[in-house]
Amino acid sequence: MSEQLKFIVEQLNREPFKKNFNLITFDSLEPMQLLQILNDVLAEIDPKQAIDIREEMPEQTVKRICALLGMLKYKPPGNLSDVSSFRQGLVTGSKPVIHPILHWLLQRVPELKKRTYLARFLVKLEVPADFLQDDIINDTYHQYEELVEGFKTYHKECEQLRTSGFSTAEIRRDISAMEEEKDQLIKRVERLKKRVESVSNHQRMLEQARQLRVEKEREEALTQQKQEQKNQLFQAEQRLLRSEQQLKDLRQAAADANPESLMKRLEEEIKINSYMVSEKLPKELEGMRRTVQFLQKVASEPAMGQADLQELEDKIKEADSQINQLIEKRMMRYDPMDDKLSLYRQQASIIARRKESKAEELQEAREELAAAERELRQRTNQTQGSDGEEVIRGDEMKRLVAKLRSKGTVYKKKRQEIAELKADYGVVQRTEEILKQRHDAVQQKLQAVEAEKGISGYSDTQEELERVSAIKSELDEKKGRTLDDMSEMVKKLNSMIVEKKSALAPIIKELRSLRQQSQELGQEYEEKKAQYESCAAGLESNRSKLEQEVKALRDEMAQKENRYHHINTMSQQILEMQIQRAAEEMKAYVSPDPQEKKKAMREVYMKNISEQELLGKKLREEQKTVRESHSANMEQVKMWRDLEQLMECKRQCFIRAKNRESIGQIIQEGGEDRLVL
């Protein structure tokens, strides 16, 4: 328990809590303060929990904390497994309840933050089945489920990208390098465009180049498609040959068969099928059901963290240790009869495993056979649909088989020749190794002799000199050939330059005159452009002003129309209401029923008038009485004011007399001692 408290205090003193506790101050906290610390830790995990618990009812606080702990998959200790006692401990702020919660939360803050973030999107809303009968609600709920699944996939991709090791700095460097390459390519394209613009019919040539590129791409695609179709055709032919061989084998087996062998074969097939149906397939089906149930259970539970995985691993280790203990106990109770039976059990298990493996091989072979038959039918249908003819049969097939056999014999001969060549190559390689070993031995002897004579390294130097002289002679030959090539190239270049100059001379003359015309036209273009821009700017300003005026007038017109329609509708409604009120008034006034007459406006107004007259009469009488008693009341008020002044004078005199008596005395007032002089 002390280790637990130390860990809690250390974590609370760190970022982001900074509580500045020690073991004594933390242990002496009040229950309400302890609950507030728990709420602060939960607020760090989920910001929605940032609440002052003094402003919240205890029941709401406990309900909120229990809901969040349930979402975080907190399991109370063994002595607090009862839910009611756990909730009571939270209400009272019990230390044995809150300390384990704080210890568990502070151990897993980053993981729990991630879990709360995911829970906001992955905890599905529970909609009653009655509401789901509505089509709109059902469609909306399906869309909600699809969005939840999409969030799962996006979150997994995001986590994979985070853990994949890609660095943002590297990506930015790659992007900047790509942008630089893009700018360089753009500049290069612009330079090429400028070069091409001087060539006549450059648009037509560009179009032809574009078409050539498209055709080349199409040719590459067609070549790739042709190669794929060739591969598919070769594979189909191989499968067809295998199927025909199997068919031939089956026909031969059927030709050699008799009723007894057929019955025996059928009995074996019946046994195999009965074993598959009664033993193998039910086991596989049960295993798949268990797998599906397990996967459904895993999918229904929230995402598991590292702590949950560690807990499961601990449980697995505990179960393994228990199994090992049981095995040891069983081995200690060694019985020779059990040993004999174990041999038979082992043999039976080996036979059962062999039986299962053979059944699996049989099932795989049947699946391959069915797939080959389906593919054969598909290929047959394709060939019938494309060519309108069936697959070749009879004599043609025999000829093809004979041709394949002849090719097979040729292949075998070639393979035998290759094997002989490989054997010769091995002999030659071995001979080379032996010669190298002999050469190394001779070299060692030669070096020993040179060392005895005092001229060590002589043979190596001589070989090096010979090699250098050979290299020098080759370089001299290459230099001679290079000089001849360079002289010929210079002659060709000079002749080409002369030809190009003679060909370009008239074009240069025409270009000079065209340049002068281009300069004149450029000046004229600049003048016209300046005039156009000034005129366009003036027209644009006038157009913008007119557009603003038109817009303002349209807005004003729309407001006036709205006001007109509003006033028109209001006047019609008022007129209709007045007409309706007048009709109701006439109906009530003419009605013989006195209750209806009372509802009429005339009767109501007459009643109000009579009430107001009575009220005015009563007020006039009160006014008369007030006027009559005004003078007496004023005298009485004056007398009361005089009495009030007299009492105030007496109070002032009493205070002065009291102050004279207290000179030189100590007076205590309001818990203070004062000396009056």
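- Looking up the protein chain in an unreviewed UniProt entry gives the name Intraflagellar transport protein 81 homolog, with the organism given as Pundamilia nyererei.
- Quoted straight from UniProt, the Sequence similarities (unreviewed entry) entry for the protein chain says "Belongs to the IFT81 family."
- Recorded in UniProt for the protein chain, the comment headed Subcellular location (unreviewed entry) runs: "Cytoplasm, Cytoskeleton, Cilium basal body".

1. Side note on the overall build of the protein chain
Thought 1: Scanning the protein chain from N- to C-terminus turns up 18 helices and 2 strands.
Thought 2: Residue burial in the protein chain is summarised as follows: out of 677 residues, 12% are buried.
Thought 3: In the protein chain, 53% of the contacts between residues at least 6 apart in sequence involve partners at least 24 apart.
Thought 4: Total accessible area computed for the protein chain in this model is approximately 58000 Å², and 56% of it derives from carbon and sulfur atoms.

2. Observations concerning the nonpolar core
Thought 1: Counting 33 residues, the largest nonpolar core has Leu12, Phe26, Leu38, Leu90, Ile101 and Leu105 as the members making the most contacts within it.
Thought 2: Broken down by secondary-structure element, the contributors of at least two residues to this core are helix H1 (2-13), helix H3 (31-45), helix H4 (58-71), helix H5 (83-92) and helix H6 (95-107).
Thought 3: Among all residues touching Leu105, those that are not within four sequence positions of it are Leu38, Val41, Leu42, Ile45, Leu69, Leu72 and Leu112.

3. Description of a nonpolar patch on the surface
Thought 1: Taken together, the side chains of Met489, Leu493, Met496 and Ile497 present a nonpolar region at the surface, about 390 Å² in accessible area.
Thought 2: Overall, Ile497 belongs to the partly exposed group, its relative accessible area being 43%.

4. What about H4?
Thought 1: Over its 14 residues, H4 runs 20 Å from end to end, which matches the ideal 20 Å to within 8%, given 1.5 Å per residue.
Thought 2: Along H4, the residues classified as buried are Thr61, Val62, Arg64, Ile65, Cys66, Leu68 and Leu69.
Thought 3: For H4, the elements touching its buried residues are H3, H5, H6 and helix H7 (109-122).
Thought 4: Directly beyond the C-terminal end of H4, a positive phi value near 65° is found at Lys73.

5. Looking at a negative patch on the surface
Thought 1: Taken together, the side chains of Glu179, Glu180, Glu181 and Asp183 define an acidic patch exposed on the protein surface.
Thought 2: The topology assignment puts Glu181 in helix H9 (residues 168-197).
Thought 3: Take Glu181: its relative accessible area is 49%, and that puts it in the partly exposed class.

6. Quick word on the packing of aromatic side chains
Thought 1: Per the stated rule, a full pass over the model turns up 5 aromatic pairs.
Thought 2: Taking 6.3 Å as the distance between ring centres and 35° as the angle between the ring planes, the aromatic pair formed by Tyr74 and Phe86 counts as tilted. With Tyr74 in the loop between H4 and H5 and Phe86 in helix H5, this residue pair connects regions lying 12 residues apart in the sequence.
Thought 3: Given the relative accessible area of 11%, Tyr74 is considered buried.

7. Side note on the packing of H3 against H4
Thought 1: Two elements in contact, H3 and H4, have axes separated by 12 Å at closest approach and are oriented at 45°. With respect to H4, the axis of H3 lies oblique. In this structure, the crossing between H3 and H4 has a hand that is left-handed. Across from Leu38, Asn39 and Leu42 in H3, the residues of H4 making contact are Arg64, Ile65, Leu68 and Leu69.
Thought 2: Taken together, the residues that form the contact of H3 with H4 break down as 5 nonpolar, 1 polar and 1 charged.

8. Things to note about the packing of H4 against H5
Thought 1: With their axes 10 Å apart at the nearest point, H4 and H5 run at an angle of 125° to one another. In terms of orientation, H4 lies oblique with respect to H5. As H4 packs across H5, the resulting crossing turns out to be right-handed. Across the interface between the two elements, Val62, Ile65, Cys66 and Leu69 from H4 touch Phe86, Arg87, Leu90 and Val91 from H5.
Thought 2: For the contact of H4 with H5, the class distribution of residues is 7 nonpolar, no polar and 1 charged.

9. Re a positive patch on the surface
Thought 1: A surface patch of positive charge is lined by Lys187, Arg188, Arg191 and Arg195.
Thought 2: Residue placement: Arg195 occurs in helix H9.

10. A look at unusual backbone geometry
Thought 1: At Asn20, a residue that is not glycine, the phi angle is positive and equals roughly 60°.
Thought 2: Mapped onto the elements of the fold, Asn20 is located in the loop between H1 and helix H2 (23-27).
Thought 3: Under the relative-accessibility criterion, Asn20 is labelled exposed at 70%.

11. A word on the pattern of salt bridges
Thought 1: Overall, the coordinates contain 14 salt bridges when judged by the stated rule.
Thought 2: When the shortest N-O distance is used, the salt bridge between Asp27 and Lys95 registers 3.6 Å. Here Asp27, found in helix H2, pairs with Lys95, found in helix H6; they are 68 residues apart in sequence, far enough to count as distant.
Thought 3: Its relative accessible area of 29% is what places Lys95 among the partly exposed residues.
Thought 4: For Arg64, the salt bridge identified is with Glu56, shortest N-O distance 3.0 Å.
Thought 5: Among the charged side chains, a salt-bridge network with shared partners connects Glu540, Arg543 and Glu547.

12. Some words on H3
Thought 1: For H3, with 15 residues, the first-to-last C-alpha span of 21 Å sits near the 21 Å given by 1.5 Å per residue.
Thought 2: Within the span of H3, buried status applies to Leu34, Leu35, Gln36, Ile37, Leu38, Asn39, Val41, Leu42, Ala43 and Ile45.
Thought 3: Looking at the buried side of H3, the elements it contacts are H1, H2, H4, H5, H6 and H7.

About the criteria used
- Residues numbered from 1 in each chain as written.
- Predicted model: local features only at pLDDT ≥ 70, side-chain atom pairs only at ≥ 80, totals over all residues.
- Heavy atoms only, no water.
- UniProt positions renumbered as here; feature names shortened; annotations may be inferred.
- Helix = DSSP H or I, 4+ residues; strand = E, 2+ residues; numbered from the N terminus.
- Buried < 20%, exposed > 50% of the residue type's maximum accessible area, 1.4 Å probe, protein only.
- Contact = heavy atoms within 4.5 Å.
- Areas by Shrake-Rupley, 256 points an atom, 1.4 Å probe, with all protein chains shown as cover.
- Core = buried A, V, L, I, M, F, W, Y, C linked by side-chain atoms within 4.5 Å.
- Patch = residues over 30% accessible without salt bridge, like charges linked within 9 Å, V, L, I, M, F, W, Y side chains within 5 Å.
- Salt bridge = Lys/Arg side-chain N within 4 Å of Asp/Glu carboxyl O.
- Expected span 1.5 Å × (residues − 1).
- Lys, Arg positive; Asp, Glu negative; His and termini not counted.
- Charge placed at Lys NZ, Arg CZ, Asp CG, Glu CD.
- Phe/Tyr/Trp six-rings, centres within 6.5 Å; stacked < 30°, edge-to-face > 60°.
- Axes fitted to C-alpha atoms, helices over the stretch in contact; angles between N-to-C directions.
- Parallel < 35°, antiparallel > 145°, perpendicular 65-115°, else oblique.
- Left-handed = near helix turned anticlockwise from the far one by under 90°.
- Nonpolar A, V, L, I, M, F, W, Y, C, P; charged D, E, K, R; others polar.

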